[in-house]
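Tertiary structure, described
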Amino acid sequence: ISAGEIGDTYTDSNYQGKGFFSKLINFSREEANNNGIKFVYGTPNNQSLPGYRKRANFDTINTFDIRVMKMPLRIETILKPKVGWFFSILGDILFNIFNRLYLALSTIFIKCDKAYSINERLDIPEDWDSFWYSASTNWNFIFTKNALSLSWRYLKNPEKYTILYVRSSEKLVGFCAYRILSDESGTNLVIADFLFLPDHVSALNNCLRIIKSKALNIGAKSISLWCDSSSPYFIFFKKNRFLNFSNIPLICYKDKIFEKLKNIDKVHFVMADTDNI
């Protein structure tokens, strides 16, 4: 079915408290429905979530448990308020050394199958749609990732994404897409998307090894991603030292689709399925 996300909503401070938020949400949802978009969803923060519930008839889909997972790589800013600049820098250096040693020894603790080959490409492989069809049948909820969608989301995007394609015996079995974000606070690496054939989920370990190495080499403060706790990928991220930080509420209008989604499992939902990356 067709879907549309309600992204950011702002109201001028001079006009807050006049019901504009709910009017905007309701108008957007009705406009989308009139244009054939059946599933209207959002991932609001704690400030706007109550407004969606009280004034727009949206609610959280409880069968989704989307978790923010993060691997801290730098701890200077965390330590500085507690121990001062000198010990925070010292602690950050030691933590960086630990991460590099752990990465070097990770093949002992985390299995990386040598049968997998991983390549970066700036185009869509010819056998992508065949892979997508096989991979998608394992899920009850997943956003379309056919060649047209993938090209629009990553290759034609004005922001730069890196896509890792994974093969086994020349067969495409999975992919990861990530983006590097830099601002005045530092650099972070975000894993936007990932998907593998059911028998090749362990190839995620191989991708994460490359991604962690990249993050360390550019001095990234962290690596982050979204993953549903029921997903088979969740355990692989935990074994790779990703911490379970918080929950992302997925909401939609309380209609027939909402009722259907209350009873599903096998959910695949990643950060790239929203405007958050």
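Whatever comes next refers back to the structure up there.
This section reports on the structure supplied with the text. None of these values were measured; they are calculated from a predicted model. (Residues numbered from 1 in each chain as written. Predicted model: local features only at pLDDT ≥ 70, side-chain atom pairs only at ≥ 80, totals over all residues. Heavy atoms only, no water.)

For the rest of this paragraph, the subject is the sheet that holds strand E10 (residues 243-248). In a beta sheet, neighbouring strands pair by backbone hydrogen bonds and run either parallel or antiparallel. Taking strand neighbours across the sheet as the criterion, the seven strands line up as E5-E6-E7-E8-E9-E4-E10 in an open arrangement whose pairing is mixed. Of all the strands in the sheet, just strand E5 (116-120) and E10 have a single pairing partner and so form its edges. Neighbouring strand axes in the sheet, compared pairwise and without regard to direction, differ in orientation by 25° on average. Here strand E4 (residues 66-72) pairs with E10 via five bridges, running antiparallel. Bridged to methionine 69 within E10 is asparagine 244. Contacting strand E6 (162-168), strand E7 (171-183) and strand E8 (186-196), helix H4 (residues 128-136) runs over the sheet at an angle of about 95° to E7. (Pairing = 2+ DSSP bridges. Helix = DSSP H or I, 4+ residues; strand = E, 2+ residues; numbered from the N terminus. Axes fitted to C-alpha atoms, helices over the stretch in contact; angles between N-to-C directions. Contact = heavy atoms within 4.5 Å.)

So, about the environment of threonine 137. With respect to the helices and strands, the residue threonine 137 is situated in the loop between H4 and helix H5 (147-155). Between the C-alpha atom of threonine 137 and that of proline 198, which follows or precedes it by 61 residues, the distance is 9.6 Å.

So, about the pairing of strand E9 (residues 222-228). Counting buried residues in E9 gives seven out of seven residues, a clear majority hidden from the surface. Here E9 shows no split at all, with Ser222, Ser224, Trp226 and Asp228 on one side and Ile223, Leu225 and Cys227 on the other all buried. Sheet topology note: the E4/E9 ladder contains seven bridges and is antiparallel. Looking at the pairing, proline 72 lines up with serine 222 of E9. What joins E8 to E9 is helix H6 (residues 203-217), and the crossover it makes is right-handed. (Buried < 20%, exposed > 50% of the residue type's maximum accessible area, 1.4 Å probe, protein only. Right-handed = clockwise from strand over helix to strand, strands pointing away.)

Next up on the list: the sheet that holds strand E2 (residues 39-42). Pairing within the open sheet is mixed, and its four strands lie in the order E1-E2-E11-E3. The open sheet has two edge strands with one neighbour each: strand E1 (3-5) and strand E3 (58-60). Taken over all neighbouring pairs, the strand axes of this sheet differ in orientation by 30° on average, direction set aside. Summarising the sheet, E3 and strand E11 (residues 251-253) pair through three bridges and their orientation is antiparallel. If you follow aspartate 59 over to E11, its bridge partner there is cysteine 252. Contacting E2, E3 and E11, helix H1 (residues 20-34) crosses the sheet at an angle of about 145° to E2.

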